[in-house]
Amino acid sequence: MGLFTKLFTQTTKEEEIMTNPKLKIGIILGSTRQGRLSPQVGGWVKGIADSRNDAEYEIVDIADYNLPLLGTTDGTEPGIAKWNEKLASLDGFVFIVQEYNHSITGALKNAIDFAREAWNNKAAGIVSYGSTGGARAAEHLRGICGELKIADVRTHPTLSLFTDFENFSVFKPAELHKANINAMLDEVIAWSGALKTLR
Ligand SMILES: Cc1cc2nc3c(=O)[nH]c(=O)nc-3n(C[C@H](O)[C@H](O)[C@H](O)COP(=O)(O)O)c2cc1C
């Protein structure tokens, strides 16, 4: 790349960041089963996020994309391209993670595997739930993030199936989690902004 082209490209990138300062953050629902709890958790996170007024937050539901099982089709299903386009349009992510057999769901792993560049050089926060706050699933996700050049932030709100849900089904989060969600979002916004300059 010539010096002029490099300078010009840098300028347009900086201009874009200055004229379009609101970052786009996708809140990704990691489960797809019928009766899943993730929409309740994702909706609660979005409510807190929206009240900050610092980014455009949206729920990204894997179930909407009808992704096949990776490798079982010729890859021409429209949902695959749509999924990649959605991820590419985002500057950062909040993963809503639930623990299935001490790991993330197969649906989330499958969806993650369907994209590569669209994940790179972006930040992510993790909000997890399970009997031990979904901690084991979240730690697995951190390993996957490393491979995809997703910068996963430190603050990690963990929700307990025993104390943050009534009858393991109605989400009633303890008040203390709100501060943790905000602390996690502070980190996601800071890193998403910084990484935007790198892309
Ligand atoms: C296949 C399966 C495996 C599970 N394994 C675990 C587990 O290892 N640890 C845990 O804490 N909860 C486990 N659970 C409980 C889930 O965390 C709980 O049902 C949660 O609500 C699932 O998220 P969802 O409702 O969004 O699908 C499991 C649930 C399922 C369906």
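I will try to describe carefully the structure that is included in this document. (Residues numbered from 1 in each chain as written. Predicted model: local features only at pLDDT ≥ 70, side-chain atom pairs only at ≥ 80, totals over all residues. Heavy atoms only, no water.)

Should their charged atoms come close, side chains of opposite charge can pair. One pass over the full model with this rule turns up 13 salt bridges. One salt bridge connects R199 with D91, and the closest N-O pair in it is separated by 2.8 Å. Taken together, the positions of R199 in the segment after helix 6 (177–196) and D91 in the loop between helix 3 (78–88) and strand 3 (92–98) put the pair 108 residues apart, joining distant regions of the chain. Judged by its relative accessible area of 27%, R199 falls in the partly exposed class. Residue class for D91 comes out buried when judged on its relative accessible area of 7%. Each member of the salt-bridge network shares a partner with another, and the members are R52, D54 and D186. (Salt bridge = Lys/Arg side-chain N within 4 Å of Asp/Glu carboxyl O. Helix = DSSP H or I, 4+ residues; strand = E, 2+ residues; numbered from the N terminus. Buried < 20%, exposed > 50% of the residue type's maximum accessible area, 1.4 Å probe, protein only.)

Around the ligand lies a shell of 15 residues, among which S31, Y100, N101, Y129 and S131 are the nearest. R33 is positioned with one of its side-chain polar atoms (N or O) 2.7 Å from an oxygen atom of the ligand. Here Y129 contributes a side-chain N or O atom positioned 2.5 Å from an oxygen atom of the ligand. Protein chains shield 74% of the accessible area of the ligand, which is 610 Å² for the free molecule. Tallied by class, the residues present in the shell around the ligand amount to 4 nonpolar, 7 polar and 4 charged. (Near = heavy atom within 4 Å. Polar contact = N/O pair within 3.5 Å; in protein donor to acceptor, adjacent residues only side chain to side chain. Areas by Shrake-Rupley, 256 points an atom, 1.4 Å probe, with all protein chains shown as cover. Nonpolar A, V, L, I, M, F, W, Y, C, P; charged D, E, K, R; others polar.)

Here we take up the pairing of strand 1 (residues 23–29). Burial runs high along strand 1: 6 of the 7 residues are buried. Pairing of strand 1 with strand 2 (residues 55–61), which is carried by 7 bridges, proceeds in the parallel orientation. Residue pairing for strand 2: L29 is matched across the bridge by D61. Direction of pairing for strand 1 relative to strand 3: parallel, over a ladder of 5 bridges. (Pairing = 2+ DSSP bridges.)

With respect to the secondary-structure elements, R142 resides in helix 5 (residues 135–147). Here R142 falls in the buried class, since its relative accessible area comes to 18%. If we ignore the near neighbours within four places in the chain, the residues touching R142 are I126, D152, V153, R154 and H156. (Contact = heavy atoms within 4.5 Å.)

Counting through the fold element by element, Y65 comes out in the loop between strand 2 and helix 3. Residues Y65 and K82, 17 residues apart in the sequence, show an inter-C-alpha distance of 7.2 Å. For Y65, the contacting residues outside a window of four places in its chain are V60, G79, K82, W83 and K86.

Moving on, we get to the nonpolar core. Counting 29 residues, the largest nonpolar core has I28, W83, F95, W119 and L141 as the members making the most contacts within it. Looking at this core, the elements that each hand over two or more residues are helix 3, strand 3, helix 4 (106–113), strand 4 (122–130) and helix 5. For this core, the leading source of residues is helix 5, giving 5 residues. The next biggest cluster of nonpolar side chains, apart from the first, holds 25 residues, and it includes I48, A49, L185 and I189. (Core = buried A, V, L, I, M, F, W, Y, C linked by side-chain atoms within 4.5 Å.)

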